[in-house]
Amino acid sequence: MTRLASLLSPLAAVIALLSTLASAHDNGMDMTMDGAMDLAAGEMLPYLHFTPGDIVLFYGWVPSSKGAMVGTCIGLFLFALVERWIAACRGVMEAHWRKRAQIAQADRINLPTTTTSDKASLTSNSIRHTVTLRNAPPFNYVHDLTRGVLHAVQVAVQFLFMLIVMTFQVSFILSLVIGLGVGEALFGRFASHAALHG
């Protein structure tokens, strides 16, 4: 028992020393995370709420009146519609590009040939190219750069949605959710129709 006590006393001293070194110096700032964060333009509440005064994306966009909240909710609803429109445009373009790649491949297969040996070698090469087209279409600068730009814009908009949701303002979240739902109802059929018939 004395041996255990002799081991625990230095350990307790080390823990006490480390705890005093690890404690933060009081510099006048309240570092607790229990309440709302006081910001110059409003408070950031860490729970779902309906109270106005949250910063929306920019320091200057702080809707604090009822009219400003309604305007912000309408703007976020329209912003969500635009995101679904971009997704529908992207789906329609994908179907169009796929169809154009198939037409270009069919044109290569149906090229006129002069001799039967050329035709036989062209047919075997055409079949090989047709099979590889289904796995990976050829790189087209216009199509693929446009696809990349549209994807980057769509992801940037989704990141902005994430930042808006992180305000925990329920009216903003509902505006986005309803806007995405209405946008999918309006524009989603174009992308799904293009994918089915593309």
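For the structure, see preceding data.
Residues numbered from 1 in each chain as written. Predicted model: local features only at pLDDT ≥ 70, side-chain atom pairs only at ≥ 80, totals over all residues. Heavy atoms only, no water.

Enquirer: Pulling in residues and values, what's your account of unusual backbone geometry?
Expert: The phi angle at leucine 57 is positive, at roughly 65 degrees, despite the residue not being glycine. Looking at where leucine 57 falls in the secondary structure, it is placed in the loop between β2 (43-44) and α2 (66-109). (Helix = DSSP H or I, 4+ residues; strand = E, 2+ residues; numbered from the N terminus.)

Enquirer: Give a description of the pattern of salt bridges that names residues and reports values.
Expert: Summed over all chains, the structure comprises four salt bridges. Taking the shortest distance from any N to any O, the salt bridge between glutamate 83 and arginine 84 comes out at 2.9 Å. A relative accessible area of 3% places glutamate 83 in the buried class. Residues joined in a network through salt bridges with shared partners are Glu83, Arg84 and Glu184. (Salt bridge = Lys/Arg side-chain N within 4 Å of Asp/Glu carboxyl O. Buried < 20%, exposed > 50% of the residue type's maximum accessible area, 1.4 Å probe, protein only.)

Enquirer: Could you give an account of helix α4 (residues 141-165), naming the residues involved and the relevant values?
Expert: If you check α4, its first and last C-alpha atoms are 36 Å apart, about what 25 residues at 1.5 Å a residue would give, namely 36 Å. Among all positions in α4, only His143, Asp144, Leu150, Gln154, Val157, Phe161 and Ile164 are buried. (Expected span 1.5 Å × (residues − 1).)

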